[in-house]
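Spelled out from the first residue to the last, the chains are:
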Amino acid sequence: MSESGGGATNNNHLINRWTGRPFSQRYFEILEKRKSLPVWQQKHQFLRTLAHNQILILVGETGSGKTTQIPQFVLNAVDLETPDKCRKMMIACTQPRRVAAMSVSRRVAEEMDVTIGEEVGYSIRFEDCSSSRTVLKYLTDGMLLREAMTDPLLEQYKVIILDEAHERTLATDVLFGLIKEVLKNRHDLKLVVMSATLEAEKFQGYFSGAPLMKVPGRLHPVEIFYTQEPERDYLEAAIRTVMQIHMGEPSGDILVFLTGEEEIEDACRKISKEISNLGDQVGPVKVVSLYSTLPPAMQQKIFEPPPPPLKEGGPPGRKIIVSTNIAETSLTIDGIVYVIDPGFSKQKVYNPRVRVESLLVSPISKASAHQRSGRAGRTQPGKCFRLYTEKSFNNDLQPQTYPEILRSNLANSVLTLKKLGIDDLVHFDFMDPPAPETLMRALEVLNYLGALDDDGTLTKLGEIMSEFPLDPQMSKMLIVSPEFNCSNEILSMCAMLSGIIPLIFSILCVCVSFKCSGLASMHLLTYRGLLCDNQFLSLAPNCFVRPREVQKAADEAKARFGHIDGDHLTLLNVYHAYKQNNEDPSWCYDNFVNQRALKSADNVRQQLVRIMARFSLKLCSTDFNSRDYYINIRKAMLAGYFMQVAHLGRTGHYLTVKDNQVVHLHPSTCLDHKPEWVIYNEYVLTSRNFIRTVTDIRGGWLVDIAPHYYDLSNFPHCEAKGVLERLYKKKKKGKEEARKHK
Ligand code: CDP
Ligand code: MG
């Protein structure tokens, strides 16, 4: 094997084996850097172990070169030819985060001196950047799971690398169980599990004693500082700390961990402003934000060098990166010397009792705090400022973050597993089995939607639903929309909703965070995070822009799109207006519409159209001038989302149907009245429970479209039940009268 790492053959070190072209100068420059990464010390040991084992677990500090180097080692060591020599097999490397998949694959393409999308590619939901030439593919764990639905033995792959396994995302956990089965049937397939933390011993137990390799870290010491008192406002404290470091500490870049896009953009603006107010007294800065919905070109900015000092011997220039959890282990940024850790991240929580999945800014775990501080010591000794007390660290933080599978609504995963032919979910080999109640709830939801029959068997409808990369409610709505003669409009709505991030919070979360008293009180006071980083939820940013300086104009612009019946239809208006104005960027700008979000929605729409075509689902619209145009759309929505309905009680409050949770219309709604019944897209909690993206529907439709769910014989006692009873009576009477007339 050659030492060049990039695939040069022994007899010609200057020719790239993948392209047949001579290597560029840049290739050799990067190669030198790569060779100094810790994993290179163990390259031979790694390949030897891999050659003798089907499964291998590799643990190494963030930045040791796992994600970028290991797949290349594998690539140069295995034969990708299929026995019939017809085609090449691939190496897959999964990432929990879209951003990481995109960014790392770009880097690796550069390291291999090939074009991204050719030999090295990536695949994330709604975006496939790979080709028939691709031999190394970075993909989100969710995408690999989707691929397994059509290729159950994952026959495209020779080696599968499950990276960032310590994150324990839902998709990675399902893949563990799935691939464990596949390995029994495919002796030629190999699995490498890579992790940044030592929980890896748990993986070893699960994979029946697979060898564990540790890459010794080369972390420099990091000094940890805690606050004396709990901080009331972590955002303000984080900005203050940035300023203190910038004014008083020697050179070195700063990494600040915050929770979501809006909060991060806000912080970046404030930091830039405060620093510019100080003029020449301080060095120049480059303030960079990092979160999953950032366009790739902007993501690249985190790797740019800091600005040079204004004058020789002047105060140092710095790069200040304000990031979500992405920078915790997924992306390695060199040159960070100072880390600011407020102690929070956005985490998913699920309460099966009230069927609410939520994303809540919650205290991180000790393991996370440890990873975050580690980011300060990559290149030299560093400092980490924890914006909470040492006592809080010791007493309030859990040792590890709970695996996502224990905190999620499993409807989507259960549908996938059913499609994969795994019927006995109770005995499926989960590393951490989910609560039986959560599994029950998932089966129940899928049964109500008609995806599973009463025996729990996948129906034809369920099969089609599983093919759409959407939540089950949404795919149901889309699939039945031709029956309501409005599939064109529902398609646009799905695309727009996929572009808007569901934020659902539950009561349970408040209880969870209240338990961590010190941190929680601080968090409730300062809650402002709005966007999540979860690959399944966040596709594109909110479609409305609301710049601080021109909020009034922005609100007026938004109101112009407003539809009297609600927010879903408002989104549809925005999409239609965007298309009517030929996707014109200046139109977007003038109307405070986020062009990126609309473009992304349009792209999503095209892909959904393709899936519709595959199942011969008709594309149709009701005549726009017909009275039924919007009514049909609203009815189709209800056909998917009949479980997300709230009823306005006499007290003037909305209660969610069946679960009877008090909820309020989110202030962002365009509704100017309070309809008796509303359908909602998200359940949001800030200081109270909100339902967001709501549309007016009629009670009569509930009993027409979803009588199986609105079956009053097993309906909890509540005001809505009385109303429904009357509606059923009315319906019966109407039917009898119709019969008489005949
Ligand atoms: O996966 P692990 O955390 O072990 O490390 P990695 O992501 O493979 O990163 C190894 C090295 O590649 C680090 O020094 C990164 O700074 C560098 N890298 C880079 O320069 N640009 C990227 N887009 C990704 C990684
Ligand atoms: Mg990595």
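These figures come from a predicted structure and were not determined experimentally.

Check the secondary structure of the chain and you find 28 helices and 21 strands. Radius of gyration (C-alpha) of the chain: 27 Å, near the 27 Å computed for a compact globule of 742 residues. Dimensions of the chain, computed from C-alpha atoms along their principal axes, come out at roughly 90 × 70 × 55 Å. For the chain, buried positions account for 60% of its 742 residues. If you take every contact in the chain between residues at least 6 apart in sequence, the share linking residues at least 24 apart comes to 73%. For the chain, the exposed surface amounts to about 30,700 Å²; the carbon and sulfur share of it is 51%.

Tracing the backbone shows Arg634 in helix H26 (residues 628-641). Each C-alpha atom of the pair Arg634 and Leu569 lies 8.6 Å from the other, and the pair is 65 residues apart in sequence. Every residue in contact with Arg634, bar those within four places of it in the chain, is listed here: Asp565, Leu569, Thr695, Asp696, Ile697, Arg698 and Trp701.

Moving on, we get to the pattern of salt bridges. Under the defined criterion, the tally for this structure stands at 36 salt bridges. A salt bridge links Asp266 to Arg269; the shortest N-O distance between them is 3.8 Å. With Asp266 and Arg269 both in helix H10 (residues 261-277) and three residues apart, this pair spans about one turn of that helix. Residue classification places Asp266 among the buried positions, given a relative accessible area of 7%. Across the pair Glu328 and Arg372 runs a salt bridge whose closest N-O atoms are separated by 3.0 Å. Taken as a pair, Glu328 in helix H12 (residues 326-329) and Arg372 in helix H13 (residues 366-374) lie far apart in primary sequence, 44 residues in all. Shared partners join several salt bridges into a network, and the residues in it are Arg168, Asp173, Lys202 and Asp432.

Pairing within the open sheet is mixed, and its eight strands lie in the order E4-E3-E5-E2-E6-E7-E1-E8. Strands with a single pairing partner mark the edges of an open sheet, and in this sheet they are strand E4 (127-129) and strand E8 (212-215). In this sheet, neighbouring strand axes are inclined to one another by 20° on average, regardless of whether the strands run parallel or antiparallel. Bridge count between strand E6 (residues 157-162) and strand E7 (residues 190-195): four bridges; the pairing is parallel. Within E7, the residue paired with Ile161 across the bridge is Val192.

For helix H6 (residues 141-150), the tally of buried residues reaches eight of 10 residues, placing the bulk of the element in the interior. Among the residues making up H6, those that are buried are Asp141, Gly142, Met143, Leu144, Leu145, Glu147, Ala148 and Met149.

For the rest of this paragraph, the subject is the sheet that holds strand E13 (residues 336-341). Overall, parallel pairing links the six strands, which are arranged E9-E16-E13-E10-E12-E11 in an open sheet. Two strands bound the open sheet, and with one partner strand each, they are strand E9 (222-226) and strand E11 (285-290). Sheet twist, expressed as the average angle between the axes of neighbouring strands with direction ignored, equals 15°. For strand E10 (residues 253-257) and E13, the ladder comprises four bridges, and the chain directions are parallel.

What follows deals with the pairing of strand E19 (residues 662-665). Pairing analysis gives two bridges linking strand E18 (residues 654-656) to E19, with the strands arranged antiparallel. In the strand pairing of E19, Tyr654 is matched with Val663. In sequence, E18 turns back onto E19 through a hairpin of five residues, with Lys658 there showing a positive phi of about 75°. Where E19 lies against strand E21 (residues 689-697), two bridges are found, and the strand directions are parallel.

Time to look at the site of ligand 1. Close to ligand 1 lie 15 residues, the nearest being Gly63, Thr67, Thr68, Asp334 and Arg378. One of the backbone nitrogen or oxygen atoms of Gly63 is found 2.6 Å away from an oxygen atom of ligand 1. In the model, an oxygen atom of ligand 1 is placed 2.7 Å from a nitrogen or oxygen of the Arg378 side chain. Within the complex, 93% of the 530 Å² of free accessible area of ligand 1 lies under protein. Residue assignment for the shell around ligand 1 shows that the elements contributing at least two residues are helix H4 (66-77) and helix H5 (98-112). Sorting elements by how many residues they give to the shell around ligand 1 places H4 first, with three residues.

Bringing helix H15 (residues 411-419) into the picture now. Burial analysis of H15 places seven of its nine residues in the buried class, which makes it a mostly covered element. Within the span of H15, buried status applies to Ala411, Ser413, Val414, Leu415, Thr416, Leu417 and Lys418. The elements touched by buried residues of H15 are H6, helix H7 (170-185), helix H16 (436-449), helix H17 (460-467) and helix H18 (472-480). Positive backbone phi, at 85°, marks Gly421, one or two positions downstream of H15.

What follows concerns the nonpolar core. Membership of the largest hydrophobic core comes to 123 residues, with the highest contact counts inside it found for Ile160, Phe468, Ile633 and Tyr710. Dropping the residues within four chain positions of it, Tyr710 is found in contact with Phe642, Val645, Val657, Leu702, Phe715, Leu724 and Tyr728. With 56 residues, the next largest nonpolar core counts Tyr27, Leu58, Cys93 and Phe257 among its residues.

Tracing the backbone shows Asn573 in helix H23 (residues 567-580). Reaching out from Asn573, the side chain makes a polar contact with the backbone oxygen of Phe561 at a distance of 2.9 Å. In this structure, Asn573 is in contact with Phe561, Gly562, His563 and Tyr630, ignoring residues within four places of it in sequence.

Quick look at the domain arrangement of the chain now. For the chain, the assigned domains read domain 1 (15-215), domain 2 (222-405), domain 3 (409-467), domain 4 (468-504 + 530-641) and domain 5 (643-739). Between the C-alpha centres of domain 1 and domain 5 the distance comes to 48 Å.

Look at helix H19 (residues 487-498) against helix H25 (residues 595-614): their axes get within 8 Å of each other, and the N-to-C directions meet at 130°. The angle between the axes of H19 and H25 places the two elements in the oblique class. Taken as a pair, H19 and H25 cross one another with a handedness that is right-handed. Residues Ser487, Asn488, Leu491, Ser492, Cys494, Ala495, Met496 and Ser498 of H19 form the contact with H25, whose participating residues are Leu598, Ala601, Val604, Arg605, Leu608, Val609 and Met612. Residue composition of the contact of H19 with H25, grouped by class: 10 nonpolar, four polar and one charged.

Positive phi values are uncommon outside glycine, yet Phe126 reaches one of about 70°. On the secondary structure map, Phe126 appears in the loop between strand E3 (120-124) and E4. Residue Phe126 is classed as buried on the basis of its relative accessible area of 9%. In this structure, Asn485 is a non-glycine residue whose phi angle is positive, near 55°. The residue Asn485 is located in the loop between H18 and H19 in this model.

The residues that UniProt annotates with the feature "domain: Helicase C-terminal" (unreviewed entry) are residues 238-421. Between the end C-alpha atoms of residues 238-421 there is a gap of 49 Å, over a span that is 33% helix and 24% strand.

Reading guide: rules and limits
- Residues numbered from 1 in each chain as written.
- Chains lettered and ligands numbered in written order.
- Predicted model: local features only at pLDDT ≥ 70, side-chain atom pairs only at ≥ 80, totals over all residues.
- Heavy atoms only, no water.
- Helix = DSSP H or I, 4+ residues; strand = E, 2+ residues; numbered from the N terminus.
- Rg over C-alpha atoms; globule rule 2.2 N^0.38 Å.
- Buried < 20%, exposed > 50% of the residue type's maximum accessible area, 1.4 Å probe, protein only.
- Contact = heavy atoms within 4.5 Å.
- Areas by Shrake-Rupley, 256 points an atom, 1.4 Å probe, with all protein chains shown as cover.
- Salt bridge = Lys/Arg side-chain N within 4 Å of Asp/Glu carboxyl O.
- Pairing = 2+ DSSP bridges.
- Axes fitted to C-alpha atoms, helices over the stretch in contact; angles between N-to-C directions.
- Near = heavy atom within 4 Å.
- Polar contact = N/O pair within 3.5 Å; in protein donor to acceptor, adjacent residues only side chain to side chain.
- Core = buried A, V, L, I, M, F, W, Y, C linked by side-chain atoms within 4.5 Å.
- Domains from an automatic or database assignment.
- Parallel < 35°, antiparallel > 145°, perpendicular 65-115°, else oblique.
- Left-handed = near helix turned anticlockwise from the far one by under 90°.
- Nonpolar A, V, L, I, M, F, W, Y, C, P; charged D, E, K, R; others polar.
- UniProt positions renumbered as here; feature names shortened; annotations may be inferred.

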